[in-house]
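# Coordinate inspection notes
Here is what each chain is made of, one letter per residue.
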Amino acid sequence: MGKTYSGVVGFLELQKDRLVNYMMEPSCGYAADDIHMLIGAGYNAACALNLMGLCPDDELQTIGLMVTQLLGRC
């Protein structure tokens, strides 16, 4: 169980980090469909990490605000 949990947490962290990195540097050359998948996966991962207690509420709120701004540019 521990290895599975670690793998899931690592995957969620990766998805969240990819989203945050993209929001900091939006000129990475992603296609529009990739951007929408990146946003969906990253925000959902941040929400899941928040439910596990691994992403603080203020960080999740900041990511959510940045996502709404990002969607306004898409």
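Look a little higher up for the structure.
One numbering rule holds for all chains: residues counted from 1, following each sequence as written. The model is predicted, so local features are restricted to residues of pLDDT at least 70 and side-chain atom pairs to those at 80 or more, both for listing and for counting; the totals for chains, interfaces and linings are taken over all residues. In computing side-chain values, all of the structure's heavy atoms are included and hydrogens and water are not.

Turning to the pattern of salt bridges, a few remarks are in order. Put simply, a salt bridge is a Lys or Arg side-chain nitrogen that is within 4 Å of an Asp or Glu carboxyl oxygen. If you walk through the whole model with that rule in mind, you get 2 salt bridges. Residue Lys16 is joined to Glu13 by a salt bridge in which the shortest nitrogen-to-oxygen separation is 3.9 Å. With Lys16 and Glu13 both in helix H1 (residues 2–24), this residue pair falls 3 residues apart, about one helical turn. Where Glu59 meets Lys16, a salt bridge forms, and the shortest distance between an N and an O atom there is 2.6 Å. Here the residue Glu59 occupies a position in helix H3 (residues 57–73), and Lys16 occupies one in helix H1, the gap between them amounting to 43 residues. To sort residues, take the accessible area from a 1.4 Å probe on protein chains only and compare it with the maximum for the residue type: under 20% means buried, over 50% means exposed, and anything in between is partly exposed. Judged by its relative accessible area of 28%, Glu59 is partly exposed. Via salt bridges that share partners, Glu13, Lys16 and Glu59 belong to a single interconnected network. A run of DSSP states H or I qualifies as a helix once it reaches four residues; a run of E qualifies as a strand once it reaches two. Both are numbered from the N-terminal end.

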